[in-house]
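For reference, the chains in residue letters:
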Amino acid sequence: SQKIEQNSEALNIQEGKTATLTCNYTNYSPAYLQWYRQDPGRGPVFLLLIRENEKEKRKERLKVTFDTTLKQSLFHITASQPADSATYLCALLPIYGQNFVFGPGTRLSVLP
Amino acid sequence: SQTIHQWPATLVQPVGSPLSLECTVEGTSNPNLYWYRQAAGRGLQLLFYSVGIGQISSEVPQNLSASRPQDRQFILSSKKLLLSDSGFYLCAWDRGRTDTQYFGPGTRLTVL
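Residues numbered from 1 in each chain as written. Chains lettered and ligands numbered in written order. Predicted model: local features only at pLDDT ≥ 70, side-chain atom pairs only at ≥ 80, totals over all residues. Heavy atoms only, no water.

**Student:** Outline the state of the cysteines, listing residues and values.
**Tutor:** Residues and elements named next belong to chain B. Scanning the entire structure with this criterion turns up 2 disulfides over all chains. The residue that forms a disulfide with Cys-23 is Cys-91, at a sulfur-sulfur distance of 2.0 Å. Handedness here is read from the sign of the S-S torsion; for Cys-23 and Cys-91, about -75°, the answer is left-handed. A residue pair is termed long-range when its members are at least 10 positions apart, and Cys-23 in strand β3 (residues 19–26) and Cys-91 in strand β9 (residues 87–94) qualify at 68 residues. We note that Cys-23, like Cys-91, is buried. (Disulfide = S-S within 2.5 Å. Helix = DSSP H or I, 4+ residues; strand = E, 2+ residues; numbered from the N terminus. Buried < 20%, exposed > 50% of the residue type's maximum accessible area, 1.4 Å probe, protein only.)

As structure tokens, then:
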């Protein structure tokens, strides 16, 4: 069956360290993969999009990698800050799909 | 600039009562519109999407329905709510299949 998994429900890291979040998928052939940030009680906010033929994308302190062989995307936040604490969702668009499919999310807590 | 509105922000309804949630988008025309539900600690489940007025696609069979009476208005309804309908309902829009999705602030629905 098709599945999207994000490494853990919750991740705690120390301020200043690099946070690495994982998105693994099974039985999908994604054309695109997106990462969103969601704060409690709010709607998700788009962060980055990466295409299947791209290996890496960067935006300020954020970096996304996409490995179609491993069927995995990694999302990195360097020099993390307490303000980065939120839930991060990955979403993929299957090549022949109509809509993006979302993973369950990882709740990141950056401790001061 | 574009904005998306949802109301109400919170709603507590008894089992068996009707439901109507409204979403409107400003600052764009002919958007794709989406309704998602997010259960506690879970990912986003796509309920309905619409590519134009009167055009509704359902992703999950349930006792909910959606309508798009105007280009930038999307309504989620139910004739009789179930306990399992409780959750965080999010409306979103985009300009195309591979585009970024922009989410509204959400409606927290509790069915008692």
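**Student:** Quick one: what's the story with the sheet that holds strand β1 (residues 3–6) of chain A, residue by residue and with numbers?
**Tutor:** Residue and element names in this part refer to chain A. As summarised here, the arrangement of the 5 strands in space is β1-β3-β8-β7-β6, forming an open sheet in which the pairing is antiparallel. Where the open sheet ends on each side, the last strands, each with one partner, are β1 and β6 (56–59). In this sheet, neighbouring strand axes are inclined to one another by 15° on average, regardless of whether the strands run parallel or antiparallel. (Pairing = 2+ DSSP bridges. Axes fitted to C-alpha atoms, helices over the stretch in contact; angles between N-to-C directions.)

**Student:** Residue-level account of the interface of chain A and chain B, with values.
**Tutor:** At the junction of the two partners, chain A supplies 22 residues and chain B supplies 21 residues. Approximately 1,600 Å² of surface area, both sides summed, lies buried where chain A meets chain B, with 53% of it carried by carbon and sulfur atoms. Sorting the residues of chain A by area buried against chain B places A:Gln98, A:Asn99 and A:Phe102 first, and these three jointly supply 31% of that buried surface. Taken together, chain A and chain B are joined by 0 salt bridges. At the boundary of chain A and chain B, one finds 3 residue pairs in polar contact (both at pLDDT 80 or more). (Contact = heavy atoms within 4.5 Å. Buried area = accessible area lost by both parts, 1.4 Å probe. Salt bridge = Lys/Arg side-chain N within 4 Å of Asp/Glu carboxyl O. Polar contact = N/O pair within 3.5 Å; in protein donor to acceptor, adjacent residues only side chain to side chain.)

**Student:** Requested: an account of the layout of surface pockets, with residues and values cited.
**Tutor:** Over the atoms, a rolling probe the size of a water molecule traces out where space has been left empty. In this structure, the largest pocket occupies an estimated 440 Å³ of space. Forming the boundary of the largest pocket are 20 residues, of which A:Tyr28, A:Phe100, A:Val101, A:Phe102 and B:Leu44 lie nearest the centre. The set of elements that each furnish at least two residues to the lining of the largest pocket consists of β1 and β10 (101–102) of chain A together with β5 (44–52) of chain B. For the lining of the largest pocket, the class distribution of residues is 12 nonpolar, 6 polar and 2 charged. (1 Å grid on protein atoms, 1.4 Å probe; cavity = no way out; pocket = protein on both sides within 12 Å on 5 of 7 lines; lining within 4 Å. Points joined across faces, edges and corners; volume = space filled by probe spheres on them. Nonpolar A, V, L, I, M, F, W, Y, C, P; charged D, E, K, R; others polar.)

Any functional reading would require information beyond the geometric quantities listed.
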